[in-house]
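Okay, here's what each chain looks like letter by letter:
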Amino acid sequence: MLDRRNFLKMAAALSAAFGVQGMPAPVAAALKKLDPGAVPKLIYLQGLSCTGCSISLLQAESPSPLAMITDYSQLAFHADLSAISGKKALDLIERYISGNAGEYFLAVEGAIPEKIPEACLIGHKTFAQYLEEAAKTMTGAVAVGACACDGGIPAAEGNLTGAIGLKEFYGKRGIKKLIVNIRGCSVHPDWVWHTIIHLVKVGVPELVNDAPKLFYSRKVHELCPRYHDFQQEIFAKKLGDKGCLFKLGCLGPDTYADCPTRWWNGGRTWCIDSNAPCIGCASPTFARKKNIPFYRINEKPVTNG
Amino acid sequence: MKIDLGPVTRIEGHLNVRTTVENGVVTDAQCMSEMFRGFEVFLQGRDPLDAQQITQRICGVCPYAHAIASSYAQEKAYKLNVPPNGRILHNLIQGANHLYDYLLHFYQLSALDFVDVTAILSYTGRDADLLKVKQWVKAELDRNKPFPAAPFLPRLEGKYLADRDLNIGALKHYLEAMELQKKANRAAAIFGGKFPHSTGIFPGGCTQEARIDLIVAYQSLLSEVRQFIHDKYIPDVTAVAMAFPEYWRIGASKGGFLSFGLLPLTPALDSKRLLAPGVLFDGQVSPVDLAKISQDVKYSKYSSPSRLPVRDSALTPAPHKEGAYSWAKAPRYAGKVVEVGPAARILIDYQQGHNPMVRDLVNKFAALAGITTANLNSVLGRHLARAINAAVIADFLLAETERLEHGGPTMANLAVPQSGEGYGITEASRGALLHYLRMENQKIAKYECVVPTTWNASPRDDQGQPGAMESALIGTRVENAEEQIESVRIVHSFDPCIACAVH
């Protein structure tokens, strides 16, 4: 039997044998860290947001959140993670936004209060001012989540702030910049991180409605494992039932997203697998209208004539 | 000298703290919440069943707490009979969310206040994760780039942990906590559908089944989290406490404490809870009376009337209102300032001799650190109270899983009446959370949320009394008036969430 000393010697020899030098070139390439000069610096700013997208980004599996903010991007600023605060934090943001710290991508989480700009401040400036200034220096922007893309919940009917998404905000000001929309309330971490990997390794991914086709080309309903139930007219009658959730108000037929194949929280679960109807959180009109509730449980029967 | 500490980072949202410093002491502090969305306005006229979805978007850090508070309010308004499984699943979902939040708060949000990141450069061990971080930090510092090793550097000036091994151990746990918080959330999402923003939580229960494979998966994830709490989290909190004992006396708030009680022990919402509710003034705990809560707006950016009770609340934004400095309202209990959160939960439960595990843990750590329960009202007290909450909740959740009836109903029969009203009260990780719903014609006529950070980060009230966090800052001695790491540590100990505070 191998004693401990010999085991350690053998382990050391084995690990040397598998050192980088002896590897086939493609393996070494796959393991090699990206050139830090080639990965984008990210300035991550939040507007009218709940931080849910940031929290979702921390739920990523492969690569891990840490690898994403050190190896595949350089997270220069994020209000939830940055050690620095106060004036020095503002100086850091300012140096990037003024174009004095090199190229950067802007990541935006949250909507912009167009009617009450003072409803969102970072330091002594409005969020809107930062976005206007960044437009002159940034390489492009990633709109993270429903609020940054289309206004999201803060833009729900009857809101007082005039909340809008980044694309509309820049559109109104005649600013044309690359904006990649990652819809969802919250986003799935893969949707954002894998888009950034695309940007780093092969360039801008193919977009449809400004969103990466890879994640948003098919409807939840089309991909749904309960599509068969829909075809067979096996419908859930009340919450908690199995079967197609369409009659409870499921918005899968109106929502482009790959949740049914991607699943959430490390692939453990997703809404419909837990018998919960899709509420269309990746749709541009998510939660927009009062007369389109998430569920059809309180719906009055329609009478024809 | 007036110094703005904002933007305060490693919290949720847009917070500035305007301090006045004289002779190295903070003589005044104003907590300025700088983001407003107006949830209570756009909720009006919606289907009441939209509420537990919409209100989760108040906060993506503790969305489940909002879903639960909204569900409780709706259960009252609909007069639902909740099956035992329904309540247990609510508890399993909400409790696991607390555990993730405590880990995230201590490691990702607070650790960098105490731990010296640069200690990694002197690491000589063989741990692959730490070596990777060491190489990364070294490469960053060697490259001629602006702001190397962001977001972990630059940092505020101050005294950090000196012991190399403690620093490196804490950094290793920072990395591990990143993985563990995911496991707590994955456990919650098994029954909640997904995290953040659950689609599976409803008034009366949740849509997922109480199936044995799901229950065991939850148990497995939770056991790992529980192990980490005992083996790493609690020892790390203790190590920080030993290295910074002065923080047992820094950051005391000057009012009372309020807790709505956490995790009901039976399906009835009025039943006993794992952590007991109460309001604590001058060492005396009284039962909570919701009618005593009102919200002042003299210093808040609203033109609507001040001092309104919850059910009559109003919200008219006035961004340029004279003298107003925050979008947060100033909630008060019987006109008095209270602190809410982990320390409030522990103090109120302990004072009533309610939960034996709370009593034992408090006594144990008080003896270890040479403190009394009064010291729980401090920076370290809040950190320790979170760790005690975590230990108590983790054990309770594992026990709850054994009480589930495999295959039994997990949802009440949902029938929404034309009109009704209800208060839903629970504890988010950050403290006492209240949702109030009134319905007319099966639509939301009034919705009001009084949220933990609204209490803690409130501006002055109509009488001019500073809010809990403001009062904790006033009187603090600071080394470097420009940066005030001491004040930032106080703010972080409250774990403020501005999206919650204003909503």
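Please refer to the structure higher up on the page.
Values in this document were obtained by computation on a predicted structure and should not be read as measured data. (Residues numbered from 1 in each chain as written. Chains lettered and ligands numbered in written order. Predicted model: local features only at pLDDT ≥ 70, side-chain atom pairs only at ≥ 80, totals over all residues. Heavy atoms only, no water.)

Digging into the overall build of chain B
- Counting secondary structure elements, chain B contains 14 helices and 17 strands.
- Taking 23 Å as the expected radius of gyration for a compact globule of 503 residues, we find that chain B reaches 22 Å, a close match to that expectation.
- Counting only residues that meet the buried cut, chain B has 69% of its 503 residues in that class.
- Long-range contacts, defined as pairs at least 24 residues apart, comprise 74% of the intrachain contacts of chain B with a sequence gap of at least 6.
- Both charge centroids of chain B, one from 52 positive and one from 52 negative side chains, sit 1 Å from each other. (Helix = DSSP H or I, 4+ residues; strand = E, 2+ residues; numbered from the N terminus. Rg over C-alpha atoms; globule rule 2.2 N^0.38 Å. Buried < 20%, exposed > 50% of the residue type's maximum accessible area, 1.4 Å probe, protein only. Contact = heavy atoms within 4.5 Å. Lys, Arg positive; Asp, Glu negative; His and termini not counted. Charge placed at Lys NZ, Arg CZ, Asp CG, Glu CD.)

Observations concerning the overall build of chain A
- Counting its regular elements, chain A contains 13 helices and 11 strands.
- Over its C-alpha atoms, taken along the principal directions, chain A stretches across nearly 85 × 60 × 30 Å.
- Looking at chain A residue by residue over its 305 residues, the buried ones come to 56%.
- Contacts spanning at least 24 positions in sequence make up 74% of the contacts within chain A whose residues lie at least 6 apart.
- Accessible surface, chain A as shown: approximately 13,200 Å² in total, 56% of it carbon and sulfur. (Areas by Shrake-Rupley, 256 points an atom, 1.4 Å probe, with all protein chains shown as cover.)

Some points on the packing of helix H3 (residues 63–78) of chain B against helix H4 (residues 84–110) of chain B
Residue and element names in this part refer to chain B.
- Viewed as axis vectors pointing N to C, H3 and H4 meet at an angle of 150 degrees, and their least axial separation amounts to 8 Å. In this view, H3 runs roughly antiparallel relative to H4, as classed from their interaxial angle. Considering the relative orientation of H3 and H4, their crossing is left-handed. In contact with Pro-63, Tyr-64, Ala-65, Ile-68, Ser-71, Tyr-72 and Glu-75 of H3, H4 contributes Arg-87, His-90, Asn-91, Ile-93, Gln-94 and Asn-97.
- Looking at the contact of H3 with H4, its residues break down into 6 nonpolar, 5 polar and 2 charged. (Axes fitted to C-alpha atoms, helices over the stretch in contact; angles between N-to-C directions. Parallel < 35°, antiparallel > 145°, perpendicular 65-115°, else oblique. Left-handed = near helix turned anticlockwise from the far one by under 90°. Nonpolar A, V, L, I, M, F, W, Y, C, P; charged D, E, K, R; others polar.)

A look at H3(B)
Residue and element names in this part refer to chain B.
- Spanning 16 residues, H3 covers 22 Å between terminal C-alpha atoms, matching the ideal 22 Å at 1.5 Å per step.
- Burial of H3 is extensive: 15 of the 16 residues sit out of reach of the surface.
- One or two residues past the end of H3 sits Lys-79, with phi positive at roughly 55 degrees. (Expected span 1.5 Å × (residues − 1).)

Details of unusual backbone geometry
Residue and element names in this part refer to chain B.
- At the junction of Gly-6 and Pro-7, the peptide bond is cis and its omega measures out at 0 degrees in the coordinates.
- Looking at the element boundaries, Pro-7 is found in the loop between strand E1 (2–4) and strand E2 (15–22).
- With omega at 0 degrees, the peptide bond leading from Phe-195 into Pro-196 counts as cis.
- Counting through the fold element by element, Pro-196 comes out in the loop between helix H6 (164–192) and strand E4 (201–202).

Focus: the state of the cysteines
- A full pass over the atoms with the stated rule returns 0 disulfides over all chains.
- The cysteine A:Cys250 is free of any disulfide, with A:Cys278 supplying the nearest cysteine sulfur at 5.1 Å. (Disulfide = S-S within 2.5 Å.)

Some thoughts on the environment of B:Trp327
- Looking at the secondary structure, you find B:Trp327 in the loop between strand E12 (308–309) and strand E13 (330–333).
- Along the primary structure B:Trp327 and B:Ile498 are separated by 171 residues, whereas in three dimensions their C-alpha atoms are 9.4 Å apart.
- When near neighbours in sequence (up to four residues on either side) are disregarded, B:Trp327 contacts A:Ile116, A:Glu118, A:Ala119, B:Ser33, B:Glu34, B:Met35, B:Phe36, B:Lys301, B:Tyr302, B:Pro317, B:Pro319 and B:Val502.
- Only 3.3 Å separates the side chain of B:Trp327 from the backbone oxygen of A:Glu118, close enough to count as a polar contact. (Polar contact = N/O pair within 3.5 Å; in protein donor to acceptor, adjacent residues only side chain to side chain.)

Some thoughts on the packing of aromatic side chains
- In the structure shown here, the tally under the stated rule is 31 aromatic pairs over all chains.
- On the basis of an interplanar angle of 90 degrees and a centroid distance of 5.1 Å, the ring pair of B:Phe106 and B:Tyr107 is categorised as edge-to-face.
- Among the aromatic residues, ring-to-ring pairing joins A:Trp191, A:Phe215, A:Tyr216 and A:Trp264 into one connected group.
- The ring of B:Phe281 carries B:Lys336 above its face, with NZ or CZ at 4.5 Å from the centroid. (Phe/Tyr/Trp six-rings, centres within 6.5 Å; stacked < 30°, edge-to-face > 60°. Lys NZ or Arg CZ within 6 Å of the ring centre and 35° of its normal.)

Description of the pairing of strand E3 (residues 25–33) of chain B
- By the bridge criterion, 8 bridges tie E2(B) to E3(B) in an arrangement that is antiparallel. Bridging from a neighbouring strand, B:Arg18 pairs with B:Gln30 of E3(B). (Pairing = 2+ DSSP bridges.)

Section: the interface of chain B and chain A
- Chain B puts 90 residues into the contact, and the matching count from chain A is 89 residues.
- Carbon and sulfur atoms supply 59% of the area that chain B and chain A bury against each other, a total of about 7,400 Å² over both sides.
- In this assembly, chain B and chain A are joined by 38 residue pairs in polar contact (both at pLDDT 80 or more).
- When contributions to the side of chain B that touches chain A are tallied by element, the ones reaching two or more residues are helix H1 (39–43), helix H2 (51–54), H4, helix H5 (128–142), H6 and helix H7 (212–243) of chain B.
- Take the side of chain B that touches chain A: its biggest share by element is 10 residues, from H6(B). (Buried area = accessible area lost by both parts, 1.4 Å probe.)

Comments concerning the pattern of salt bridges
Residue and element names in this part refer to chain A.
- Scanning the entire structure with this criterion turns up 50 salt bridges over all chains.
- The shortest N-O distance in the salt bridge between Lys-125 and Glu-133 comes to 2.8 Å.
- When its relative accessible area of 24% is taken as the criterion, Glu-133 is described as partly exposed.
- Linking Glu-222 and Arg-218 is a salt bridge whose minimum nitrogen-to-oxygen distance equals 2.8 Å.
- The class for Glu-222 is partly exposed, based on a relative accessible area of 38%.
- Note on Arg-218: relative accessible area 42%, which makes it partly exposed. (Salt bridge = Lys/Arg side-chain N within 4 Å of Asp/Glu carboxyl O.)

Comments concerning the sheet that holds strand E10 (residues 284–286) of chain B
Residues and elements named next belong to chain B.
- Reading across the sheet, the 4 strands line up as E10-E9-E6-E14 and stay open at both edges, with mixed pairing between neighbours. One side of each edge strand has no neighbouring strand; the edge strands of this open sheet are E10 and strand E14 (338–339).
- Examined bridge by bridge, strand E6 (residues 256–259) and strand E9 (residues 278–281) share 3 bridges and lie antiparallel to one another. Paired with Phe-257 across the strands is Leu-280, a residue of E9.

Comments concerning the nonpolar core
- Within the largest apolar cluster, 265 residues are counted, with the highest numbers of intra-cluster contacts made by A:Leu106, B:Leu99, B:Phe191 and B:Tyr233.
- Once residues within four sequence positions are removed from consideration, B:Phe191 is found in contact with B:Leu89, B:Leu92, B:Ile93, B:Cys206, B:Gln208, B:Glu209, B:Leu214, B:Ile215 and B:Tyr218. (Core = buried A, V, L, I, M, F, W, Y, C linked by side-chain atoms within 4.5 Å.)

With respect to the sheet that holds strand E16 (residues 431–440) of chain B
Residues and elements named next belong to chain B.
- Spatially, E15-E16-E17 is the arrangement adopted by the 3 strands of the open sheet, whose pairing is antiparallel. Each having just a single partner strand, strand E15 (420–428) and strand E17 (443–450) make up the two edges of the open sheet. On average, each strand axis in the sheet is inclined to that of its neighbour by 15 degrees, with strand direction left out of account.
- Contacts from H3 reach E15, E16 and E17 within the one sheet, and its direction differs from that of E15 by about 150 degrees.

Observations regarding empty space enclosed by the protein
- The tally for this structure, following the rule as stated, stands at 14 cavities of 30 Å³ or more.
- Here the largest cavity is characterised by a volume of approximately 180 Å³.
- Taken together, 13 residues line the largest cavity, and the ones lying closest to its centre are A:Leu66, B:Val133, B:Phe152, B:Tyr174 and B:Leu175.
- Counting only elements with at least two residues in the lining of the largest cavity, the list comes to helix H4 (65–70) of chain A together with H5 and H6 of chain B. (1 Å grid on protein atoms, 1.4 Å probe; cavity = no way out; pocket = protein on both sides within 12 Å on 5 of 7 lines; lining within 4 Å. Points joined across faces, edges and corners; volume = space filled by probe spheres on them.)

Overview of the environment of B:Ser493
Residues and elements named next belong to chain B.
- Relative to the elements of secondary structure, Ser-493 occurs in helix H13 (residues 485–494).
- Residue classification places Ser-493 among the buried positions, given a relative accessible area of 0%.
- When the C-alpha positions of Ser-493 and Gly-278 are compared, they lie 22 Å apart, and in sequence the two are 215 residues distant.

Some points on H5(B)
- Counted at 1.5 Å a residue, the expected span for H5(B) with its 15 residues is 21 Å, and the 21 Å between its end C-alpha atoms agrees.
- On its buried face, H5(B) is in contact with H4 and strand E2 (74–78) of chain A together with H6 of chain B.
- The N-capping residue of H5(B), defined by a side-chain oxygen 3.1 Å from the backbone nitrogen of B:Asp129, is B:Asp127.

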